[in-house]
Amino acid sequence: MSSTDLVPSQVGQALQAQASTDGRQFLTFRIGEEEYGLDILRVQEIRSYEPPTRVANAPAFVKGVVNLRGVIVPILDLRLRLRLGQAGEYNAFTVVIVLNVGGRIVGVVVDSVSDVLELTADQIKPRPEVPAALDARFITGLGKLGERMLILLDIEAMIRSPDFGLID
């Protein structure tokens, strides 16, 4: 091997390993007054809200379906699904987060998207063991960033849940 061959340096390998273990990235969004986060790796795209085509006999949280570049995508209202009140008013900030979960494309309606945050392991606290309206199975923990507190959702567990009836 000549001195001009590219060989990964130990420092470079250490920095790369540190970057991959230091934190996880979360897309943060709001529903009402609460701020939530979900794993950015599940997000395919973010779209402005357009009224979907209703589906007969669908649960109330299923707003309908849209045709996204030839793929029929169910659109779910997370506020209704999480039992956080009645459907909010859809406005210019309302968006659909298009997710790829278990090979299935699903859109979830949220009030607004905030940003993408990287949280380290010490910034993620275990989920509280208190009764809550939100099913604890779908909470991976609480993210703490300064004064901000994020409810971190396990969106894959939520979408795969038999309650959703979307993925076998």
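Let me begin by describing the structure that accompanies this report.

About the cut-offs
- Residues numbered from 1 in each chain as written.
- Predicted model: local features only at pLDDT ≥ 70, side-chain atom pairs only at ≥ 80, totals over all residues.
- Heavy atoms only, no water.
- Helix = DSSP H or I, 4+ residues; strand = E, 2+ residues; numbered from the N terminus.
- Contact = heavy atoms within 4.5 Å.
- Pairing = 2+ DSSP bridges.
- Phe/Tyr/Trp six-rings, centres within 6.5 Å; stacked < 30°, edge-to-face > 60°.
- Buried < 20%, exposed > 50% of the residue type's maximum accessible area, 1.4 Å probe, protein only.

**Side note on the environment of Leu27**
Then, number 1: Here Leu27 lies in strand S1 (residues 23-31).
Then, number 2: When the C-alpha atoms of Leu27 and Val113 are compared, they prove to be 7.6 Å apart, with 86 residues separating the residues in sequence.
Then, number 3: The residues touching Leu27, leaving out its near neighbours within four places in the chain, are Tyr36, Gly37, Leu38, Ile40, Val43, Ile46, Ile97, Val113, Asp115 and Val116.

**Description of unusual backbone geometry**
Then, number 1: Positive phi, normally seen in glycine, also occurs at Asn57, with a value near 60 degrees.
Then, number 2: Structurally, Asn57 is set in the loop between strand S3 (43-48) and strand S4 (62-68).

**Notes on the sheet that holds strand S8 (residues 112-120)**
Then, number 1: Strand order across the open sheet formed by 6 strands is S8-S1-S2-S11-S10-S9, with mixed pairing between neighbours. Sheet topology places S8 and strand S9 (124-125) at the edges, where each strand pairs with a single neighbour.
Then, number 2: As paired elements, S9 and strand S10 (residues 139-145) share 2 bridges and run antiparallel to each other. Bridging from a neighbouring strand, Ile124 pairs with Gly143 of S10.

**Looking at the packing of aromatic side chains**
Then, number 1: Evaluated as defined, the whole model comprises 2 aromatic pairs.
Then, number 2: Both rings, one in Phe29 and one in Tyr36, keep their centres 5.7 Å apart while their planes meet at 15 degrees; by these two values the pair is stacked.
Then, number 3: Classification of Phe29 by relative accessible area gives buried; the value is 0%.
Then, number 4: Look at Tyr36 and you get buried, because its relative accessible area is 2%.
Then, number 5: Centre to centre, the rings of Tyr49 and Tyr90 are 4.3 Å apart; their planes meet at 40 degrees, and the pair counts as tilted. Taken as a pair, Tyr49 in the loop between S3 and S4 and Tyr90 in the loop between helix H2 (78-81) and strand S6 (95-101) lie far apart in primary sequence, 41 residues in all.

Note that all results are geometric; they support no functional claim without further evidence.
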